[in-house]
Amino acid sequence: MRLRYIELENFRQYHGVQTVQFAQRENRNVTLLYGANGSGKTTFLNAFMWALYGNLTEDVEESDRLVSDHAWEAASDGDRITVSVTVEFEHDSKKYLVKRSVEAQKQGTEQNLPKSKLMMWYQDESGARKEVDSARSQIDRILPERLSRFFFVNGERIEHLVRKDAYEEIQGAIKTLLGLETLDRAVDRLPKVAQKLRRKLKSNDDSKGIDSLTDSIDEIDQQVQEATATYGELRTSEQSFRDEITLINNRLAAAAETKALQKERTELEAQQEKVLEAQRNHQKARDSLVGHHGYLAFLGGLAAQVHRISDHHRERGDLPAPLKATFIADLLEAGRCICGTELVEGTDAWSALEGWRTRIGQADVDEAWHSLHGVMGTFEEGRNDALERLREVDVDIAKSAQERRALDGRISEISAAIKAVSTEENQESLESAREEFIDRLAKTSREIGRIKDRIDALTAERAKKEREIEQLNIKGEANNRVQHRIAVVKEVEHALRQVRDIASDTTRRRLEQRIRDIFIPVSLKKYEPRLTEQFQLEYWQQMKNGEKIPAPKSTGENMLLSLSFVAAVAAECREGADRGALFPGVGGEFPIVMDAAFGNLDDDYRRHIARFLPGMTSQVVVLTSKAQASGVVENELQNRVGEQYVITTHTTKTNLKEVTEKISVAGRDYHYQVIGSHWDGAELTGVQP
Amino acid sequence: MNDQGDERSQIARIYNSLSEEARALIVEVLRIENASLHLQLPSGLTDEVLRKVEGVVK
């Protein structure tokens, strides 16, 4: 997908028809758009998402107000207003035009808009434009929505790829890349097919339970479906709470008054995480101890009691032993050995047994007594050892709990101190919002755990019901045929699961190598990235002794690692078509459109990222404020920029002071913010070369 | 690209270990799923796969 231009018509801040042409040259592949905070940079990024998929990202406020406020206010009730976004791009040597539009009729201030209309055309070999029949399907073939978030990126949110809970997103991207959704769908569908086949089994006298078992499986499937939907919704909420907390953390870290406090809190929270992990491990160790040796705790005094009883029996000589003297005496008295030999007094056989009776007796009892004492000694040692280990692990748990309390206390103090700071940005409300998100996050995480347990239990129950059906004595040729079909369906499902795991893992390893190749040369630290088997993106550092440990988190390194991941995904797509993939995945060049790439970073990281961006893929669109781009970023990008635009903010407010009204780009001044304008909104102006 | 060679040989082993009917069915199932991959809400696919099972597995 090579972007040619985008045209916005009355789309949110952008009044009227406004167009941006994208840089096309290989050595000048960057399109740079400058805009003040709140000017419409995120809206511009979202224009692509809306045109292609009909959605806006979650961080867009009042997402149902698509029509430019200026256009809406200027219209009279009953007037029709069109809002549209048109994108022209090339893909796989074909030129496409996508247009999504809504025609709204004004009735009051509320924008109750009808469903948007999507149109798509392509240019055939003769140059004629032809409409694409199923536009959305064609867009998904070119760039599936699930993958689009890696190419249309909000820099403030890209960092979350480095968090542990981003594994599903990364795993999803890998599957989409590889075309493994085909396998996913098949693996999901085959159990439904098997269930439909079970419905065809005819019950007989020996298999009366079949209908109720099949009904039970249907009910379980229904419950799993509902629980899975809830699980997905909860995961989305969990993610959005985490994103909000990160955004607030970043704002607190950026404000001079709260910077130090937030830095300390970030460090304490990292410690808190480690302590929590240690506490979990101690608790696991205790569970294991109690599970394996817990019974010993209830057997105190048992060894002493056994000793006492065994001593008593030893004195009486009746301690159980392998061969007892009484047994020999019984044989002699009976006059016949167990081998059948007659035992007559004075014969060799009699004498031999007499000899045995003398040799066993006390020695044998002693041996049994020693053996029992030995066993009881080991038992006592084991008991003491288990109790000692239990005491130690309890101490560890108590220590962790104490450390957590100390950390919690200091974190609460920091929270109170942040609330007390008086600044222009209301830190108290920011901190309160943070607390609320943390609270909601904790509740959601607990609920997720509960739902997951429920899904696991239902899945186990379903498997049990299936086994019960298999064990029924179902007779008849037709039934046998159905059962055979079910067995083949299960065979195929099992094979597809294996294939999916293999293909997914191969790509994960290939992607990890790409990330390493991209990240290591640009990282400012000696960090090594990893894409773990759980699809977690993380980095490690090597100690002097050669040991590798998880590297401390850094906003700059997180940003570089996340961008390296996106660049690796882009490379994977680029080479996907040539790879001769087993399954039809995603292939071709894709642009990267990125908002807020340089926020909260120092000059060194801004310089590195600016140097990194043009090489990420063949076409890069960067949205930034002038303040964030000035200096090192502009120096790095000056020879790579092919097109530049300024997003001018118009505001009817007149009493604003100390705002940047003009900026200088390529030696000319451009309006950046127009105070006291006759309208509110954004205007795109191309920078003269 | 050794990984890719390994991947192909592992997948080939899985395929070769299947019964003849399962091999025929796996091809049909993937073909049906592939054809419907870009449909937002494919309906009737389970029945289509079921019919294929009944056709392939006697």
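A. Structural view of the overall build of chain B. Tallying secondary structure elements over chain B gives three helices and zero strands in all. Along chain B, helices and strands appear, N-terminal first, in the series α-α-α. Out of the 58 residues belonging to chain B, those deemed buried represent 19%.

B. Up close: the overall build of chain A. Each helix and strand counted, chain A has 19 helices and 18 strands in total. In chain A, which comprises 689 residues, the share counted as buried stands at 31%. Contacts in chain A between residues at least 24 apart in sequence constitute 72% of all its contacts with a sequence separation of at least 6.

C. View of unusual backbone geometry. Despite not being glycine, Arg12(A) has its phi angle at roughly 50°, a positive value. Relative to the assigned elements, Arg12(A) resides in the loop between strand E1 (2-11) and strand E2 (14-21).

D. Fine view of the sheet that holds strand E10 (residues 537-542) of chain A. All names here are of chain A. The three strands are arranged E9-E10-E11 in an open sheet whose pairing can be described as antiparallel. The open sheet terminates on both sides in strands that have one partner only, identified here as strand E9 (527-531) and strand E11 (548-550). Recorded for the sheet is a direction-independent mean angle of 40° between the axes of neighbouring strands. Relative to E11, E10 runs antiparallel, the two being bridged by three bridges. Looking at the pairing, Trp 540 lines up with Pro 550 of E11.

E. Inspection of the pairing of strand E4 (residues 80-91) of chain A at higher detail. Residues and elements named next belong to chain A. As judged from the seven bridges shared by E1 and E4, these two strands associate in the antiparallel manner. The residue bridging Leu 8 from the neighbouring strand is Val 85, located in E4. Where E4 meets strand E5 (residues 94-105), twelve bridges bridge the pair, whose relative direction is antiparallel. What sits directly across from Glu 88, in E5, is Leu 97. The loop that links E4 with its antiparallel partner E5 comprises two residues; one of these, Asp 92, has a positive phi angle of about 50°.

F. Representation of the interface of chain A and chain B in the model. Chain A puts 29 residues into the contact, and the matching count from chain B is 27 residues. Where the side of chain A that touches chain B is concerned, the elements lending two or more residues are helix H3 (135-142), helix H7 (181-198) and helix H15 (477-522) of chain A. Top element by residues in the side of chain A that touches chain B is H15(A). It accounts for 15 residues. Taken together, the residues of the side of chain A that touches chain B sort by class into twelve nonpolar, five polar and twelve charged.

G. A look at the pairing of strand E15 (residues 662-665) of chain A. Residues and elements named next belong to chain A. Taking every second residue as pointing to the same face, the buried face of E15 carries Ile 663 and Val 665, while none of Lys 662 and Ser 664 on the other face is buried. Bridge count between E15 and strand E16 (residues 668-671): four bridges; the pairing is antiparallel. The residue of E16 that forms the bridge with Lys 662 is His 671. Taking the residues between adjacent antiparallel strands as the criterion, E15 and E16 are bridged by two residues, where Ala 666 takes a positive phi near 50°.

H. Broad picture of the nonpolar core. Residues and elements named next belong to chain A. Residues Val 492, Val 566 and Ile 609 are the most contacted members of the largest nonpolar core, which totals 128 residues. Considering every element that reaches this core, the biggest residue donor is H15, with 13 residues. The residues contacting Val 566, other than those within four sequence positions of it, are Phe 150, Val 153, Ile 592 and Met 616. Listed in part, the five residues of the second largest apolar core include Leu 252, Ile 414, Ile 418 and Leu 430.

Scoring rules and cut-offs
Every residue gets a number counted from 1 within its own chain, in the order that chain's sequence is written. Whichever chain is written first is A, and whichever ligand is written first is 1; the rest continue in order. Since the coordinates come from a predicted model, pLDDT governs what is reported: local features require at least 70, and pairs of side-chain atoms require 80 or more to be given and counted, while whole-chain, interface and lining totals use all residues. Going along the chain from the N terminus, every DSSP run of H or I of four or more residues is numbered as a helix, and every run of E of two or more is numbered as a strand. Partly exposed residues are those whose C-beta has more than 12 but fewer than 20 other C-beta atoms within 10 Å; with 20 or more the residue is buried, with 12 or fewer it is exposed, and the C-beta atoms are placed from the backbone. With C-beta atoms placed from the backbone, a contact is any residue pair whose C-beta atoms sit within 7 Å. By the convention used here, strands pair only if DSSP detects at least 2 bridges between them. Between N-to-C directions, angles span 0 to 180 degrees; the directions come from axes that are lines fitted to C-alpha atoms, helices contributing only their stretch in contact. For this scheme, ten residues count as nonpolar: Ala, Val, Leu, Ile, Met, Phe, Trp, Tyr, Cys and Pro. Four count as charged, namely Asp, Glu, Lys and Arg, and the remainder, Gly too, count as polar. Note on terminology: a nonpolar core is a set of buried residues of type Ala, Val, Leu, Ile, Met, Phe, Trp, Tyr or Cys, with members joined through C-beta atoms within 7 Å.

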